[in-house]
Amino acid sequence: MRTTTARAYPNIALVKYWGKADEELILPAAGSLSLTLDHFETTTTVVPAPEAATDVLELDGSLADPGQTNRISVFLDHVRELAGREDRVLVRSRNSVPTGAGLASSASGFAALATAAAAAFDLDLDARELSRLARRGSGSACRSIAAGMAVWHAGDDESSFAESVDAPDMRMIIVTVNRARKAVSSREAMRLTAETSPFYSGWVSSTEDYLEQMVAACSAEDFTRIGEITESHALRMHGLIQSTVPPIRFLNPTSHAIFDAVAEAREHGIKAYSTADAGPNVAVIVRPSDAEALAERLSGFGDVRVVGPGPGAHLLTAADEVPPAAGTSAGEGSHA
Ligand code: PMV
């Protein structure tokens, strides 16, 4: 085993993943498609701790809470099973956005952890196997293994992975309206939706249909069609989520105002389309030449950032290791 460091970026889905076919293997009820970004990265260092009784997680310079530590430990059990080893590890992870705020930190987090842990445990995985592994941490993480536009195939454990597809160049404007951790996790909200919404089966079949149209629109470089599907599919997802019992709402009045402002920009000739994940923040896709002007228009709604297509998850060198949290001695002297 060795100490390894990896970096991964979040992705924002244009055709959303919402609902599982298998809770344990994290198989989606339908495929999805997303853009891996070039901002808001997670950097994760995995340090072997053969003497330790449990895994330890340091998140953004502090010891993580037991819930978060348990979640990565369950994931690491799967890595240990693949490697045929029992070693515990120390995981040091640093996010450039707040964890759990609906900016897909679980995707960048588990993509970085899967990449670093696979290397730390000397697993020789290709991109497809790495995507399947990241999927086991958080479904959407499998898409952050791939660069740029990526499609995640529904299927069984073997065939459910993400890979990059051709798409026209575009920018995404991320409008952060709220950085607070969301009240309901996507995992829990997804489960409630599947169990209680009368619209769930229609959602799954319409997602399959949209995904097929979206992949065709991407390869035809038809930005307008990509945008129309993106906005429509996001609103369908939020409508579906609101139909759970008890209801869950992730969008707030500011999110709706941004959707309206983007629709108004379209009336003025700026082709742009909105989407939002499990939180109130809005992501707007736009052609590169319109990005700065639209970002300016949206700047009154919150913190605005123009981002583009980013790289897939990758290993870094020892120079990029995440330093130990202040006041801990756990990482010291462990570079065995
Ligand atoms: O991978 P999870 O469990 O964080 O779920 C992600 C769900 C959405 O972000 C709302 C949609 C998606 O496809 O990323």
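Residues numbered from 1 in each chain as written. Predicted model: local features only at pLDDT ≥ 70, side-chain atom pairs only at ≥ 80, totals over all residues. Heavy atoms only, no water.

### Observations regarding the pairing of strand β1 (residues 4-8)
Definition in use: Any residue under 20% of the maximum accessible area for its type is buried, any over 50% is exposed, and the rest in between are partly exposed; the area is computed with a 1.4 Å probe on protein chains only. Helix and strand definitions here come from DSSP, where helices need a minimum of 4 consecutive H or I residues and strands a minimum of 2 consecutive E residues; each element is numbered from the N-terminal end. By the convention used here, strands pair only if DSSP detects at least 2 bridges between them.
For β1, a buried count of 5 out of 5 residues is recorded, marking the element as mostly surrounded by other parts of the structure. The two faces of β1 match: T4, A6 and A8 on one face and T5 and R7 on the other face are all buried. As judged from the 5 bridges shared by β1 and strand β6 (residues 42-48), these two strands associate in the antiparallel manner. Along β6, the bridge assignment pairs T4 with V46.

### Comments concerning the nonpolar core
Let me state the cut-off plainly: By nonpolar core is meant a set of buried Ala, Val, Leu, Ile, Met, Phe, Trp, Tyr and Cys residues that side-chain atoms within 4.5 Å join together. Any two residues whose heavy atoms approach within 4.5 Å are treated as being in contact.
If you look at the biggest cluster of nonpolar residues, it comprises 29 residues, and the most contacted ones within it are V46, V91 and L113. Contributions of two or more residues to this core are made by β1, β7 (56-59), α1 (66-83), β9 (89-95), α2 (105-120) and α3 (127-137). The element that contributes the greatest number of residues to this core is α2, accounting for 9 residues. With residues near it in sequence (within four places) discarded, V91 still touches T44, T45, V46, V56, L57, E58, I72, L76 and L113.

### Brief notes about the site of the ligand
For clarity, the cut-off: Put simply, a residue is near a molecule or strand once any heavy atom of it comes within 4 Å of that molecule or strand. In protein, a polar contact requires one atom able to donate a hydrogen and another able to accept it; more generally it is a pair of N or O atoms within 3.5 Å, and residues adjacent in sequence count only if both atoms are side-chain atoms. Throughout, the ten residues Ala, Val, Leu, Ile, Met, Phe, Trp, Tyr, Cys and Pro are labelled nonpolar, Asp, Glu, Lys and Arg are labelled charged, and all others, Gly among them, are labelled polar.
In the neighbourhood of the ligand, 14 residues make up the surrounding shell, with Y17, S106, S138, S140 and R143 lying closest. Between the ligand and S106, the relevant distance is 3.1 Å, taken from an oxygen atom to a side-chain nitrogen or oxygen of the residue. S138 has a polar side-chain atom sitting 2.9 Å from an oxygen atom of the ligand. Classifying every residue of the shell around the ligand gives 6 nonpolar, 5 polar and 3 charged.

### Details of α3
A large share of α3 lies buried, amounting to 8 of its 11 residues. Inspection of α3 places L130, S131, R132, L133, A134, R135, R136 and G137 among the buried residues, and these make up the whole buried set.

### Considerations on the sheet that holds strand β8 (residues 62-63)
An order of β8-β7-β9-β6-β1-β16 is seen for the 6 strands of this open sheet, with the pairing classed as mixed. Unpaired on one side and paired on the other, β8 and β16 (314-316) mark the two borders of the sheet. When β7 meets β8, the two strands line up antiparallel, connected through 2 bridges. The residue bridging E58 from the neighbouring strand is L63, located in β8.

### Here we look at the side chain of E231
Here E231 shows up in helix α7 (residues 223-242). Taking the relative accessible area as the measure of exposure, E231 reaches 11% and is therefore buried. Once residues within four sequence positions are removed from consideration, E231 is found in contact with F259, V262, R266, A272, Y273 and S274.

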